[in-house]
Protein chains: 2
Amino acid sequence: MTYPDMLDYSSSGGYAPLRRAVADYLRVFRSVPLDVDQVIITSGTQQSLELCAQMLADHGDTVWLEDPAYWGAVKAFMATGLHLHPVPVDQHGMAPSAADEAAPPRVIYTTPSHQYPTGAVMSLQRRQQLLALAATHNAWVLEDDYDSEFRFSGPPLSSLAGLDRDERVLYLGSFSKVLYPGLKLGYLVVPKRLVGAFKQAHYDLNRPGQMPLQAALAEFIELGHFASALRRARQSYAQRRQALLEALTPCLIDAKAQITGAEQGLHLCLRLPNGVDDRALADTLAQQGILVRPLSAYCLQRTDSRGLIIGYGYATLEDIQRYGPEMAKMVCAELRKFPV
Amino acid sequence: MTYPDMLDYSSSGGYAPLRRAVADYLRVFRSVPLDVDQVIITSGTQQSLELCAQMLADHGDTVWLEDPAYWGAVKAFMATGLHLHPVPVDQHGMAPSAADEAAPPRVIYTTPSHQYPTGAVMSLQRRQQLLALAATHNAWVLEDDYDSEFRFSGPPLSSLAGLDRDERVLYLGSFSKVLYPGLKLGYLVVPKRLVGAFKQAHYDLNRPGQMPLQAALAEFIELGHFASALRRARQSYAQRRQALLEALTPCLIDAKAQITGAEQGLHLCLRLPNGVDDRALADTLAQQGILVRPLSAYCLQRTDSRGLIIGYGYATLEDIQRYGPEMAKMVCAELRKFPV
């Protein structure tokens, strides 16, 4: 690639060595069988989501999404004019029922590795069921694998893209978590039959560029710095996670609260009894400088989910050790209002 | 702004010193009276256009756009599900008639400084008419001022945003032309009443970042390097433009062809008789390594526009001196087929 090309827009799906690095990574770590040609570098998951919504569905088409849901996806689908159909999540992930099939999906959006925000890990059986169901309705599946780099316990599960046999899964990843959010580089893996149309649309609608940044990242990966950064990040997040779990232990007495989703990622969910006003609790914690999010704020339709989404991507180990016990104390005080 | 914030998404509309630099530039050079708060840094004009389409109109709403039109805008509006209503362009720019008002616009998209692609400069009278018409229909006006940094001749004209008295013009600019396209930084100036909603939506839908790049650009501007780059670019483009005009002179004999839009920007339009197959002519030129675009390819509805859009942003002075006369020869050969 010559100098002027590096300063121009890219119609090829991104800087080739970066696409190769992504393909190598996904083949090895996510068991996704893919050609480098299927990788499209985007400016992150929001752009990937929007491109998928624009390309795979028409205005008014139905998208299934998890309830509770990742609000970035909710916004992207709303902006694209799709009809949002919330599907409840249980401990095995997205759990569509016959009632849901009355609103057949054109697109299914899911976070199987670590459901956002509950943290449920989709079981292998559920993954296969979901793919079969997608085939029945001839629907596309968007697999948002936003934090799979950080898996702390539990068995490894193949990605949906790895299980896909009929080219209907699109896989979304990002460099936000290992490096930093403002980097604004992510990737989208599309089935072979969609490669041409997606690259053209990505060029037409987004005019992708940032080739010097892509080249720097490719070199960063090739020289092994990315692997080191990932290793350091894993260690650091594992320590924070451990400290957070220890701090929250007092809340788990009497089984009135449970922790879900701690196996992976940069957040966990502290599930609370249905009567808890989790928004008020989050507000009270915020007054103490402790920023957590109420689970109910992520719910689209269901009213049976209360809890706190506690992230440890931003908080330092010292923060967690200092504020964690205080947070637990305030949660325990709230829990005492409820019968055992 | 502290170190971790620089690596995060930005909810404030972008790096403050860069927004200040843009505001200062627009006040002085484009006569736009604005607060720095009204400036939102985007990843370029495509993102600005899409955000405007998403925020200002609903699916199926009518957008007026120029015919012939900038195809990047066409794609953005199509992807957002707007109804495209083409309005013919004459030598004074976008020229709506009573017939157009039968399809009242929710949004009007226009390139008044240098109509893309014909190069028509919108007259002051037409600007005032367009704003009055927008007021009548309570429509928003998107002013895409994509190349106003390069004005070589003709009187300076106030931007629509500078003439706007009732907060309905949104102004779109980009750093692509002075620096390089792949930089992916542009700006959107919104009326005060829209600032809050646009910043929130920009954050929700696009998760803007790239703060280190924004900081570097802000410093580049503050230290005067941008002004130098602009000066050098102006000189360079002025030379290329002059060489191109000289090369094309033989085509203008007999007045069968005219040059329009050479006062400004990085391209001009060589208008040809209606009977010329401009696509075939562009194909023939491409076989000689001369890349120009047929004017008819930009037309949405009208069939009376033939010509060549000849850009000199990519071609070097040497390229133009070498290939320009050859291009003129081939155009002249085509013109000889038509009676004087």
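As shown above, the structure is provided for reference.
Residues numbered from 1 in each chain as written. Chains lettered and ligands numbered in written order. Predicted model: local features only at pLDDT ≥ 70, side-chain atom pairs only at ≥ 80, totals over all residues. Heavy atoms only, no water.

## Examining the interface of chain B and chain A
The interface of chain B with chain A comprises 29 residues on the first partner and 29 residues on the second. Of the roughly 2,700 Å² buried where chain B meets chain A, counting both sides, 50% is carbon and sulfur surface. The interface formed by chain B and chain A holds 2 salt bridges in total. For the salt bridge of Lys75 of chain B with Asp204 of chain A, the shortest nitrogen-to-oxygen distance reads 3.3 Å. Linking chain B with chain A are 25 residue pairs in polar contact (both at pLDDT 80 or more). Contributing elements (two or more residues each) for the side of chain B that touches chain A: helix 3 (45-56), helix 4 (71-79) and helix 8 (195-206) of chain B. (Contact = heavy atoms within 4.5 Å. Buried area = accessible area lost by both parts, 1.4 Å probe. Salt bridge = Lys/Arg side-chain N within 4 Å of Asp/Glu carboxyl O. Polar contact = N/O pair within 3.5 Å; in protein donor to acceptor, adjacent residues only side chain to side chain. Helix = DSSP H or I, 4+ residues; strand = E, 2+ residues; numbered from the N terminus.)

## A few points about the sheet that holds strand 11 (residues 293-294) of chain B
Residues and elements named next belong to chain B. As summarised here, the arrangement of the 4 strands in space is 9-10-12-11, forming an open sheet in which the pairing is antiparallel. At either margin of the open sheet sits one strand with a lone partner, and together these are strand 9 (258-260) and strand 11. In this structure, strand 11 lies alongside strand 12 (residues 306-311), joined through 2 bridges in antiparallel fashion. The residue bridging Arg293 from the neighbouring strand is Ile309, located in strand 12. (Pairing = 2+ DSSP bridges.)

## Let's talk about unusual backbone geometry
In this chain, Tyr116 of chain A is followed by Pro117 of chain A through a cis amide linkage whose omega measures 10 degrees. Relative to the elements of secondary structure, Pro117 of chain A occurs in the loop between strand 5 (107-110) and helix 6 (124-136). For Asp254 of chain B, which is not a glycine, the phi torsion comes out positive at approximately 75 degrees. Here Asp254 of chain B shows up in the loop between helix 10 (225-248) and strand 9.

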